[in-house]
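Understanding the architecture of this molecule
One-letter residues, chain by chain:
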Amino acid sequence: QVQLVEFGGGLVQAGGSLRLSCAASGRTFGYTMGWFRQAPGKEREFVAAINWNDGSTRYRDSVEGRFTISRDNTKNTVYLQMNSLRPEDTAVYFCAISNRWLIVTPREYLYWGQGTQVTVSS
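Residues numbered from 1 in each chain as written. Predicted model: local features only at pLDDT ≥ 70, side-chain atom pairs only at ≥ 80, totals over all residues. Heavy atoms only, no water.

With respect to the side chain of Ser-21
- Mapped onto the fold, Ser-21 is located in strand E3 (residues 18-25).
- Of the residues examined, Ser-21 reaches a relative accessible area of 16% and is grouped as buried. (Helix = DSSP H or I, 4+ residues; strand = E, 2+ residues; numbered from the N terminus. Buried < 20%, exposed > 50% of the residue type's maximum accessible area, 1.4 Å probe, protein only.)

Comments concerning unusual backbone geometry
- With a phi close to 50 degrees, Asn-76 is a non-glycine residue in the positive phi region.
- Tracing the chain through its elements places Asn-76 in the loop between strand E7 (67-72) and strand E8 (77-82).
- The phi dihedral of Ser-84 falls on the positive side, at around 50 degrees, and the residue is not glycine.

Some details on the environment of Thr-32
- Tracing the chain through its elements places Thr-32 in strand E4 (residues 32-38).
- Judged by relative accessible area, which is 0%, Thr-32 ranks as buried.
- Taking the C-alpha atoms as reference points, Thr-32 and Ile-103, separated by 71 residues in sequence, lie 7.6 Å from one another.
- If we skip the residues at most four places from it in the chain, Thr-32 touches Ala-49, Ile-50, Asn-51, Ala-96, Ile-97, Ser-98, Arg-100, Trp-101, Leu-102, Ile-103 and Tyr-109. (Contact = heavy atoms within 4.5 Å.)

See the structure below:
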């Protein structure tokens with residue numbers, strides 16, 4: 001059993017930055033941690049993923065170069081640093097864990113956090 005709790009959402013102007021945190025309890029080593037987002041009326045979409053073991057990462061094309069996913073093994077926490085935010089980044093952001101390497105498909109993720117709202121104003 002793994003529990004995930006997200007922190008760090010909020011309201012920011014376009015061009016601004018936010019850092020999301022996802023604190024994990026339970027076994028995470030060797031797994032993939034992913035960030036997803038869901039805007040009203042839209043499907044949940046992949047944002048970024050990191051492998052807990054080797055630190056490999058994968059990003060959605062539209063966030064590549066603006067977002068950075070990282071992990072702190074000592075704190076069992078994954079971060080999503082979001083820079084140059086755009087109004088289209090507005091969504092509820094979720095972290096999740098999968099036993100598949102850098103998988104982007106939501107259904108392959110086993111446990112999910114409750115989500116945190118990110119709103120980017122124009």
